[in-house]
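# Coordinate analysis (summary)
Spelled out from the first residue to the last, the chains are:
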Amino acid sequence: MNDIEQKKFPIGTFEVPENICDITLDEYIKVIKDFPGKLKNLIEDFSDDQLDTQYRPGGWTVRQLVNHIADSHINSFIRFKLALTEENPTIKPYDEAKWAELQDSLNMPVKPAMRMIRGTHQRWTTLLKSMTNKQFERTFHHPEHNKNYDLRHCLALYAWHCNHHFAHIENLKKEKGW
């Protein structure tokens with residue numbers, strides 16, 4: 001993997017696990033539960049200049065990453081709720097790159113996004129801990145991929161997503177000596 005690819009995927013690309021046992025589910029739920037605190041500790045002392053630094057050439061700034069996480073995780077939480085309350089609902093995709101270019105992602109302080117992440121993850125954790133194995137089998141339909149996704153695999157994806165973006169910021173912080 002070249003340097004740009006390493007910076008783009010510091011923990012590797014997401015690979016769909018074949019079987020996800022209850023122990024692994026619990027590990028994923030713990031990632032969701034702990035992520036807001038870990039992210040806060042990582043960026044709480046960042047200046048505006050640091051928040052406006054790209055994690056890689058051509059990539060988003062730390063500010064955009066934090067706002068992207070808030071946007072992405074609230075969308076995922078809603079998709080979980082839809083799948084739990086409707087029969088294989090078709091979800092609404094969104095253009096995450098275009099969302100990251102909107103003014104609220106580019107220029108706002110990150111505190112509102114961090115509050116969203118904290119609140120979303122608190123609610124998401126409560127929901128996840130209450131779910132049965134049968135509920136983790138529930139699905140939603142993604143029209144862009146023309147595929148159904150079950151909640152067990154979606155949780156795996158979002159645990160990876162937390163770690164993926166955390167590594168972007170953590171690696172930048174190390175590289176810059178912040």
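Quick notes on the rules
- Residues numbered from 1 in each chain as written.
- Predicted model: local features only at pLDDT ≥ 70, side-chain atom pairs only at ≥ 80, totals over all residues.
- Heavy atoms only, no water.
- Axes fitted to C-alpha atoms, helices over the stretch in contact; angles between N-to-C directions.
- Helix = DSSP H or I, 4+ residues; strand = E, 2+ residues; numbered from the N terminus.
- Parallel < 35°, antiparallel > 145°, perpendicular 65-115°, else oblique.
- Left-handed = near helix turned anticlockwise from the far one by under 90°.
- Contact = heavy atoms within 4.5 Å.
- Nonpolar A, V, L, I, M, F, W, Y, C, P; charged D, E, K, R; others polar.
- Phe/Tyr/Trp six-rings, centres within 6.5 Å; stacked < 30°, edge-to-face > 60°.
- Buried < 20%, exposed > 50% of the residue type's maximum accessible area, 1.4 Å probe, protein only.
- Lys NZ or Arg CZ within 6 Å of the ring centre and 35° of its normal.
- 1 Å grid on protein atoms, 1.4 Å probe; cavity = no way out; pocket = protein on both sides within 12 Å on 5 of 7 lines; lining within 4 Å.
- Points joined across faces, edges and corners; volume = space filled by probe spheres on them.

Taking an unreviewed UniProt entry as the reference, the protein is identified by name as Metal-dependent hydrolase belonging to Chryseobacterium nepalense.

### Thoughts on the packing of helix H2 (residues 22-43) against helix H9 (residues 151-176)
Between H2 and H9, whose axes approach to 9 Å, the crossing angle comes to 25°. Taken together, the axes of H2 and H9 are roughly parallel relative to one another. Where H2 crosses over H9, the handedness of that crossing is left-handed. Here H2 contributes Leu 25, Tyr 28, Ile 29, Val 31, Ile 32, Phe 35, Lys 38, Leu 39, Asn 41, Leu 42 and Ile 43 to the contact with H9, which in turn contributes Arg 152, Leu 155, Ala 156, Tyr 158, Ala 159, Cys 162, Asn 163, Phe 166, Ile 169, Glu 170 and Lys 173. Each residue belonging to the contact of H2 with H9 can be placed in one class, and the counts come to 16 nonpolar, two polar and four charged.

### Some remarks on the packing of aromatic side chains
On inspection of all chains with the given rule, the structure shows six aromatic pairs. Ring centres 4.4 Å apart and planes at 45° place the aromatic pair Tyr 94 and Trp 99 in the tilted group. On the basis of relative accessibility, which here comes to 32%, the residue Trp 99 falls in the partly exposed class. Counting every residue linked through ring pairs, the aromatic cluster contains Phe 80, Trp 124 and Tyr 158. The residue whose ring lies beneath Lys 38 is Phe 166, and the NZ or CZ to ring-centre distance is 4.4 Å.

### Regarding the layout of surface pockets
In this structure, the largest pocket spans a volume of roughly 840 Å³. Around the largest pocket sit 35 residues that line it, and Glu 96, Leu 157, Tyr 158, Trp 160 and His 161 are the ones nearest its centre. It is H9 that contributes the most residues to the lining of the largest pocket, nine residues altogether. By residue class, the composition of the lining of the largest pocket is 14 nonpolar, 13 polar and eight charged.

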